[in-house]
Structure formats: structure tokens, C-alpha cells
Amino acid sequence: MREEEKIFAGKLFCPATPELQAIKLRTHNLNVDYNQTYQHETEKRSQILKEMLGQIGEGTFLQGPVYFHYGTHTKIGAHVFINFNFTVQDDAPVEIGDHCDFGPGVTIVTPVHPMCASERLAMLDENGEAKHLCYARPVKIGSNCWFGANVTVCPGVTIGDNCVIGAGSVVTRDIPANHFAAGVPCHPIREITEADSMMHKPDILGGCAVIPEGEAH
């Protein structure tokens with residue numbers, strides 16, 4: 001089994017193997033290329049993202065700087081907005097749905113290292129060779145989610161559709177759809193309901209209006 005296949009199978013793998021190092025080097029260089037572009041260089045930016053990521057949907061915007069580890073293991077849906085300093089340590093697959101918004105400083109991580117210090121230094125691989133080994137767990141984020149500034153999403157987490165994650169949260173477990181969640185560790189605080197609609201905040205609307213359900217974009 002190839003090292004990348006081990007990652008996808010949830011097994012221990014060696015991140016230092018030439019196979020994986022080559023993928024990461026290519027992506028790290030593309031990170032630099034993207035981060036050195038100007039915002040108005042839309043065609044150049046789009047081409048770099050297409051080369052770097054496993055999938056990028058229509059109308060998705062990444063402010064930059066961005067930091068992807070493998071890149072090809074990340075799939076981002078359509079009409080997603082990602083603010084400054086977005087980091088994705090995508091050893092395992094990362095999936096992001098459509099119409100999500102990410103505040104500045106959001107980090108998504110998938111690798112997991114052994115808890116015991118001696119095992120972090122080295123373990124024996126299937127051939128009996130001592131190597132630095134770790135494993136990774138995928139992250140899946142639904143559609144229509146909003147992440148506040150400096151949220152960290154930890155390995156193995158699934159976040160349902162229509163969720164709001166409060167700023168500074170560390171998400172260590174799954175969050176069900178349609179919930180506001182926050183904290184360290186992050187936990188569901190309450191379900192998001194019609195009572196949260198902006199229609200109930202006329203002082204903030206200032207003459208604007210909520211689009212009736214079924215007529216939204």
C-alpha cells in the first residue's frame with residue numbers, strides 16, 4: 001500500500017517518504033505563488049488554485065495568504081468566502097460545502113500524532129524499520145456555514161449544514177446541522193431558528209429587508 005493510500009485508509013503513515021514530500025513541496029511552492037499575487041490578478045489566482053486544490057467551486061474567493069499542506073486533498077464548494085490567513089493541514093481529506101464564510105485566521109487540521117513521547121519519535125513500520133509515523137482523520141464541513149475569526153477545526157470533525165461557529169472556538173467533536181456552537185472545546189449552544197432572523201432587528205436593518213423564503217439567491 002502506498003503512503004498516500006495509508007492516509008486515506010486511516011492507517012499510520014510516514015510523512016517523510018519521497019512520495020508525500022513531493023506532493024507537499026509542490027503545494028507549498030504554489031502557496032507562495034498565490035500569496036505573492038495581487039488581489040486584482042483574478043485569472044492568475046484562479047489558475048493557481050486549480051493546480052493546487054482537489055476541487056474549487058465557482059465564485060469561491062480566498063483572500064490570502066493561504067497555507068495548504070497537500071492541497072490536492074482539499075475540496076472547496078461554490079461561492080465560499082475565505083478571509084486572511086487560512087491554514088489547512090490536509091493530510092487526510094478536507095471537504096467544504098457551498099456558500100460558507102470563514103473569518104480571518106481559521107485553521108483546519110487532520111493529522112494526529114501518538115500521545116506517548118517515545119512513539120512520536122519513532123515506531124516500527126510494516127517492514128520493521130524505525131520511522132516517524134502518524135495518522136490522519138478527515139474533516140467535513142457542510143454548506144452555508146459561518147466560522148468566526150481564529151476557529152480551529154480538529155481531526156475527524158464533521159460540521160453539519162447551516163452552522164455558525166463562534167470566534168476562537170476549538171472544534172474537537174461533531175456539530176449537528178443548524179446549530180450555533182462555540183467554546184474551547186467547542187460545543188453546540190443552541191439551534192438556529194426563525195427567531196434569529198434579521199427581520200426581528202429593525203434597528204439594524206435600516207430600510208433593508210429579508211428576502212422571503214424560496215426567493216433567495
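Definitions and cut-offs
Residues numbered from 1 in each chain as written. Predicted model: local features only at pLDDT ≥ 70, side-chain atom pairs only at ≥ 80, totals over all residues. Heavy atoms only, no water. Helix = DSSP H or I, 4+ residues; strand = E, 2+ residues; numbered from the N terminus. Buried < 20%, exposed > 50% of the residue type's maximum accessible area, 1.4 Å probe, protein only. Contact = heavy atoms within 4.5 Å. Lys, Arg positive; Asp, Glu negative; His and termini not counted. Charge placed at Lys NZ, Arg CZ, Asp CG, Glu CD. Pairing = 2+ DSSP bridges. Disulfide = S-S within 2.5 Å.

Peer 1: Explain the overall build of the protein chain here, please?
Peer 2: For the protein chain, the count of helices and strands is 5 helices and 21 strands. With the C-alpha coordinates of the protein chain rotated into their principal frame, the extents come out at 70 × 40 × 25 Å. Sorting the 217 residues of the protein chain into buried and exposed places 40% on the buried side. Pairs at least 24 apart in sequence give 28% of the contacts found in the protein chain among residues at least 6 apart. Here the protein chain contributes 16 positive and 26 negative side-chain charges, whose respective centroids are spaced 6 Å apart.

Peer 1: Mind showing me how you'd approach the pairing of strand β21 (residues 187–191) here?
Peer 2: The side chains of a regular strand alternate, first on one face of the sheet and then on the other. Pairing analysis gives 4 bridges linking strand β20 (residues 179–182) to β21, with the strands arranged antiparallel. Paired with Phe180 across the two strands is Arg190, which belongs to β21. Between the antiparallel neighbours β20 and β21 lie 4 residues, among them Gly183 with a positive phi of about 115 degrees.

Peer 1: What's the story with the state of the cysteines in this structure? I'm lost.
Peer 2: One way to say it: the disulfide is the covalent bond shared by the sulfur atoms of two cysteines. For the coordinates displayed, the defined rule picks out 0 disulfides. Free of any disulfide, Cys134 has its nearest neighbouring cysteine sulfur in Cys14, separated by 8.2 Å. A relative accessible area of 2% places Cys134 in the buried class.

Peer 1: I'm lost on the sheet that holds strand β1 (residues 55–56) in this one. Help?
Peer 2: Think of a sheet as strands paired side by side through backbone hydrogen bonds, with each pair either parallel or antiparallel. Taken together, 5 strands build an open sheet; the order of strands is β1-β4-β7-β14-β17 and the sheet is parallel. Every interior strand has two partners, whereas the edge strands, β1 and β17 (158–159), have only one. As paired strands, strand β4 (residues 74–76) and strand β7 (residues 94–96) are joined by 3 bridges and run parallel to one another. Paired with Ile76 across the two strands is Ile96, which belongs to β7.

These results come straight from atomic positions and should not be treated as a statement about function.
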